[in-house]
Amino acid sequence: MILTDDNFATIVKAVKEGRGIYENMIKFVRFQLSTNIGAILTVAGAPLLGMPVPFTAVQLLWINIIMDGPPAMSLGVDPISPGSMNEAPRDPDARILSWRRFGNLFSYGLTMAIGTLGVFIYGLKTGETSHATSLAFNTFVLFQISTFLMPARKKAAPLMDISLPIKCSGWQCVSVTLLQIPVIHWPPAQSIFHTTALTPTDWGNCCRCCVIGIGF
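Residues numbered from 1 in each chain as written. Predicted model: local features only at pLDDT ≥ 70, side-chain atom pairs only at ≥ 80, totals over all residues. Heavy atoms only, no water.

> Please set out the overall build of the protein chain residue by residue, giving values where relevant.
Scanning the protein chain from N- to C-terminus turns up eight helices and zero strands. Tracing the protein chain from N to C terminus, the helices and strands come up as α-α-α-α-α-α-α-α. Long-range contacts, defined as pairs at least 24 residues apart, comprise 78% of the intrachain contacts of the protein chain with a sequence gap of at least 6. Counting only carbon and sulfur atoms, one obtains 70% of the accessible surface of the protein chain, whose full area is about 11,300 Å². (Helix = DSSP H or I, 4+ residues; strand = E, 2+ residues; numbered from the N terminus. Contact = heavy atoms within 4.5 Å. Areas by Shrake-Rupley, 256 points an atom, 1.4 Å probe, with all protein chains shown as cover.)

This is the structure we're talking about:
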């Protein structure tokens, strides 16, 4: 640490900034790994259960580039937690991805996979494969938004924690949701992403599944 003045408060500000950067690194890792684990478990789990793959290649590309990109990047500029300076210094040898954190994000990725596959099974039983794929695709995207708003932003171990401020990046969730609507309902986008229009009931089922997942 290099001080540019003789004010002790400079050290306090530097430590606070460092803790904020470290917290944001953890949020970024949580979000990226939990959503990617969820995608891997979903894609790998469907064939093991005797079902077709729930996502097309272009849908996976949309999930990984468009849906992961802006939200994940915004986590790096999240405001510093107000109570960050009230905590004891962390162990210098502490890992960003500890076993406890990995267990938390794996459990959420597993929840995303179970919820998405559940909706996919429902779609296969009630309609055509293209409709079921659209349901699964839409559900997984909504799960990503819920992951961004909830577990990825938390600092403590429990999955459900919305105490940290989200005002600086909440617009990413709105923009991602608005982008998802034409992908599902705009005919030119439907031909590219191989989707079919969903009914309000379908959207409600997707949202309910994600709400249950957040509660878990």
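> Give a description of the side chain of Thr-195 that names residues and reports values.
Along the chain, Thr-195 falls in the loop between helix H7 (187–193) and helix H8 (200–215). For Thr-195, the side chain forms a polar contact with the main-chain oxygen of Val-183, separated by 2.7 Å. Non-local contacts of Thr-195, meaning those with residues more than four positions away in its chain, are made with Gln-59, Ser-134, Phe-137, Val-183, Ile-184 and Gln-190. (Polar contact = N/O pair within 3.5 Å; in protein donor to acceptor, adjacent residues only side chain to side chain.)

> Help me get a handle on the nonpolar core, residues and values and all.
With 30 residues, the main nonpolar core has Phe-55, Ile-63, Phe-137, Phe-140 and Phe-143 as its most contacted residues. When residues of this core are traced back to their parent elements, those giving at least two are helix H1 (9–48), helix H2 (57–67), helix H4 (99–126), helix H5 (129–149), helix H6 (170–185), H7 and H8. Sorting elements by how many residues they give to this core places H5 first, with nine residues. Contacts of Phe-137, omitting those with residues within four sequence positions, involve Phe-55, Gln-59, Trp-62, Ile-63, Gln-180, Val-183, Ile-184 and Thr-195. (Core = buried A, V, L, I, M, F, W, Y, C linked by side-chain atoms within 4.5 Å. Buried < 20%, exposed > 50% of the residue type's maximum accessible area, 1.4 Å probe, protein only.)

> Account for unusual backbone geometry, naming residues and giving values.
At His-194, a position not held by glycine, the phi torsion is positive, near 60°. Its location among the elements puts His-194 in the loop between H7 and H8.

> Give me the state of the cysteines: which residues, what numbers.
Applying the stated rule across the entire model yields zero disulfides. Just so you know, Cys-206 is unpaired, no disulfide at all, and the nearest cysteine sulfur is the one on Cys-207, 6.7 Å from it. (Disulfide = S-S within 2.5 Å.)

> Would you mind going over the packing of aromatic side chains in detail, with residue names and values included?
Using the criterion set out here, one finds four aromatic pairs in the structure. Taken together, a centroid distance of 5.1 Å and an interplanar angle of 75° make the contact between Trp-62 and Phe-193 edge-to-face. Separated by 131 residues along the polypeptide, Trp-62 in helix H2 and Phe-193 in helix H7 bring together distant segments of the chain. By the burial criterion, Trp-62 is buried, and Phe-193 matches it. (Phe/Tyr/Trp six-rings, centres within 6.5 Å; stacked < 30°, edge-to-face > 60°.)

> How would you sum up H1? Please name residues and give values.
With 40 residues, H1 extends 58 Å from end C-alpha to end C-alpha; this agrees with the ideal 58 Å at 1.5 Å per step. Of the residues flanking the end of H1, it is Gly-50, one or two places downstream, whose phi is positive at about 80°. (Expected span 1.5 Å × (residues − 1).)

> So what's going on with the environment of Pro-182? Residues and values would help.
By the element assignment, Pro-182 lies in helix H6. When the C-alpha positions of Pro-182 and Ala-197 are compared, they lie 9.5 Å apart, and in sequence the two are 15 residues distant.

> Outline a nonpolar patch on the surface, listing residues and values.
Side chains of Leu-33, Leu-97, Trp-99, Phe-102, Phe-106, Leu-110 and Ile-114 sit close together on the surface and give an oily, nonpolar patch of about 680 Å² of accessible area. Mapped onto the secondary structure, Leu-97 falls in the loop between helix H3 (69–75) and H4. (Patch = residues over 30% accessible without salt bridge, like charges linked within 9 Å, V, L, I, M, F, W, Y side chains within 5 Å. Salt bridge = Lys/Arg side-chain N within 4 Å of Asp/Glu carboxyl O.)

> Please set out the packing of H1 against H4 residue by residue, giving values where relevant.
The N-to-C vectors of H1 and H4 enclose an angle of 40°; their axes lie 7 Å apart at closest approach. In terms of axis orientation, H1 runs oblique to H4. Read as a crossing pair, H1 and H4 show a hand that is right-handed. Here Tyr-22, Ile-26, Arg-30, Leu-33, Ser-34, Thr-35, Ile-37, Gly-38, Leu-41, Thr-42, Gly-45 and Ala-46 of H1 lie close against H4, whose contacting residues are Arg-101, Phe-102, Leu-105, Phe-106, Gly-109, Leu-110, Met-112, Ala-113, Thr-116 and Leu-117. Here the residues of the contact of H1 with H4 are counted per class, giving 13 nonpolar, seven polar and two charged. (Axes fitted to C-alpha atoms, helices over the stretch in contact; angles between N-to-C directions. Parallel < 35°, antiparallel > 145°, perpendicular 65-115°, else oblique. Left-handed = near helix turned anticlockwise from the far one by under 90°. Nonpolar A, V, L, I, M, F, W, Y, C, P; charged D, E, K, R; others polar.)

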